[in-house]
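Results of the structural survey
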Amino acid sequence: MDKDLSRLESIAKQIRRNIVRMVGVGKTGHLGGSCSAADLVAALYFYKMRRREGDLKWPDRDRLIFSKGHAALCQYAALGELNVIDKAEFDRVKTLGSILQGHPDMNKCPGIEANTGSLGQGLSISMGIALGKRLDKSPARIYCILGDGELNEGQCWEAAMAAANFKLDNLVAIVDRNYVQATDATERIMDPGDVEAKFRAFGWEAWTIDGHNMREIVDALDKADTVKGKPAAIVANTVKGKGVAFAEGKAAFHNGALTQEQYDEAMAGLE
Amino acid sequence: MNVRDQRTAYGETLVELGRKNPNIVVLDADLGKSTMGCLFKQAFPERHFEMGIAEQNMMSAAAGLALAGKIPFAGSFAVFASGRAYDQLRQTICIAGLNVKVCGSSSGLSDFGDGSTHQAVEDIAIMRAIPNMTVFAPVDDLETEKIVRYMAENEGPMYLRVNRNALPRLTDEDTPFIFGKPYVMREGKDAVVFAHGVMVKKALDAAEALTGRIDVKVVNVSTLKPLPESEIAAAADGVRGIVVAEEHSVIGGLCSIVAQAMRGRGTPIEFVAVQDEFGTSAQNYNELLEKYNLTSEAVIKAVETAVGKAE
């Protein structure tokens, strides 16, 4: 695999530009949580995940389940860069008849592996796929990106318990730990505490990285391959809205709207 | 004749299907000995997933297994399968139309001892309301077999409502199960009783008791969704009164289906169903059915009322 970090970084920047393009001007869009995951998603699609060009249904493909479905713009942005979807679709996002729904729909948008959006379910879905793929003795690996706010949902921890119980070493959870949820800081809404320690207590191999350091991201994804007999959880410390200076760390841009000036400033910052 | 209960038929049929199709997998939430998913576990331990007491995780995991190309049957008590895991069914499984089969076991009042928390009187209403969901309520063990086979062979999310107790066998191997089509168990020209599950026998007993006075047709409605209105209208064609009998709330189940299908036609309709209330504990199933007025006597009275209103 191509470990050209500067290439991955430039793809991540393009993903952020695509996200800003989809958020657009004067309409709400999940900017913050999409931008915080951009580096992770770039590394997954353009470095780590096994896929077969032109065959989205290849049974042995690696899969990315975007459990934090509200940040689908990040996944759409990457699918556009992969030419799985036409970038012209970006301008029709969330409009009537668009393949790019407010939350991802596998029957409408190519490359989407599961319908997510009701938070807390993606890790369970990923675990189910991992169980099925293991039955088939498939080498496919299942990656699941969760939000840290999402960890409020109890089902995440049902899945954490079950994945360890089933010793699913073909499953990797990546927590986009951006410290901000819909209306405020995670610590002020529902403090998730030490996320790494929680996953470890559930029986996972877990460690923490800087989710905007491409070297650390690709190394973590490689390290996850070596974990045997249990699932791996990568807690990626990130900044909500990363790359869009005025939005960084602000709950207001969880699903806020951009003015024309903000839009221009965001794009200029991503040159 | 008392024969196998429906849940044993469910478990045994899964084993039969599992032998033929390696993609059949079964999930349970620490209730496999009640759903009889345990039979599959004995036969194919590697294809049975014990999910623990976590129905939401079970349902989403079933979605994942379907996405991996498996045919998952996820079983729990009907009240948990429909209620506890509703959001998982709706959001991931039904919106995408995933090939997940849900078994709602110990449905209705059939878990008589456990009381209201464990008795599903609204599961059909919940399941019917979700777009893309198919809903079945078999009348006996043999029909359960046929429906489980249908579920395994056909794509899409499906819900099977299974009774806990041994019910009389009212069909035979040759009785057809036709998807989406009610089955006439007994012909009659004056009135028709639409029923499913345990209430079909009550309706047949009522029809027998009314012989010579009112000629009653009895229809087993085991596919509750999709169910074309024309099928209900055809079965009710020419009768003077209609009765719906079901072990379910009067809201959202077969009563609603028939009332909706027959709207504007003017034929009087009466309901024998659980009123808008929860279940309760009892020492045996019949005691409970009597408390909720789910009896052949109630069906007789309802038929008389419906036909009387027409006169």
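Rules used in this analysis
Residues numbered from 1 in each chain as written. Chains lettered and ligands numbered in written order. Predicted model: local features only at pLDDT ≥ 70, side-chain atom pairs only at ≥ 80, totals over all residues. Pairing = 2+ DSSP bridges. Helix = DSSP H or I, 4+ residues; strand = E, 2+ residues; numbered from the N terminus. Axes fitted to C-alpha atoms, helices over the stretch in contact; angles between N-to-C directions. Contact = placed C-beta atoms within 7 Å. Nonpolar A, V, L, I, M, F, W, Y, C, P; charged D, E, K, R; others polar. Core = buried A, V, L, I, M, F, W, Y, C linked by C-beta atoms within 7 Å. Buried ≥ 20, exposed ≤ 12 C-beta atoms within 10 Å, placed from the backbone. Domains from an automatic or database assignment.

A word on the sheet that holds strand S7 (residues 183-186) of chain B. All names here are of chain B. In space, the 5 strands of this open sheet follow the order S7-S9-S8-S11-S12, with mixed pairing throughout. With one partner strand each, in any of the chains shown, S7 and strand S12 (269-274) form the two edges of the open sheet. The sheet shows a mean angle of 25° between the axes of neighbouring strands, direction not considered. With 5 bridges connecting them, strand S8 (residues 191-195) and strand S11 (residues 241-249) associate as parallel partners. Bridging across to S11, Val-193 finds its partner in Val-243. Running over the sheet, helix H9 (residues 199-209) touches S7, S8, strand S9 (216-220) and S11 and is turned about 170° from S9. Against the sheet, helix H13 (residues 296-310) makes contact with S8, S9, S11 and S12, and its axis sits at roughly 145° relative to S11, the strand it touches most.

Now for the interface of chain A and chain B. The figure often quoted for interface size is the accessible area lost as the parts come together. If you look at the interface, chain A gives 22 residues, while chain B gives 23 residues. The set of elements that each furnish at least two residues to the side of chain A that touches chain B consists of helix H5 (122-135) and helix H6 (154-165) of chain A. With 10 residues, H5(A) is the largest single contributor of residues to the side of chain A that touches chain B. Residues belonging to the side of chain A that touches chain B are distributed by class as follows: 9 nonpolar, 10 polar and 3 charged.

Grouped together as the largest cluster of nonpolar side chains are 195 residues, with contacts concentrated most on B:Val193 and B:Val303. Per element, the largest residue contribution to this core is 9 residues, and it comes from helix H3 (residues 38-48) of chain A. Mapping this core onto the domain boundaries places at least three of its residues in each of domain 1 (6-161) and domain 2 (183-302) of chain B. If near-sequence neighbours (up to four positions away) are discounted, B:Val303 is found in contact with B:Ala191, B:Val193, B:Ala206, B:Leu210, B:Ile214, B:Val216, B:Gly241 and B:Val243.

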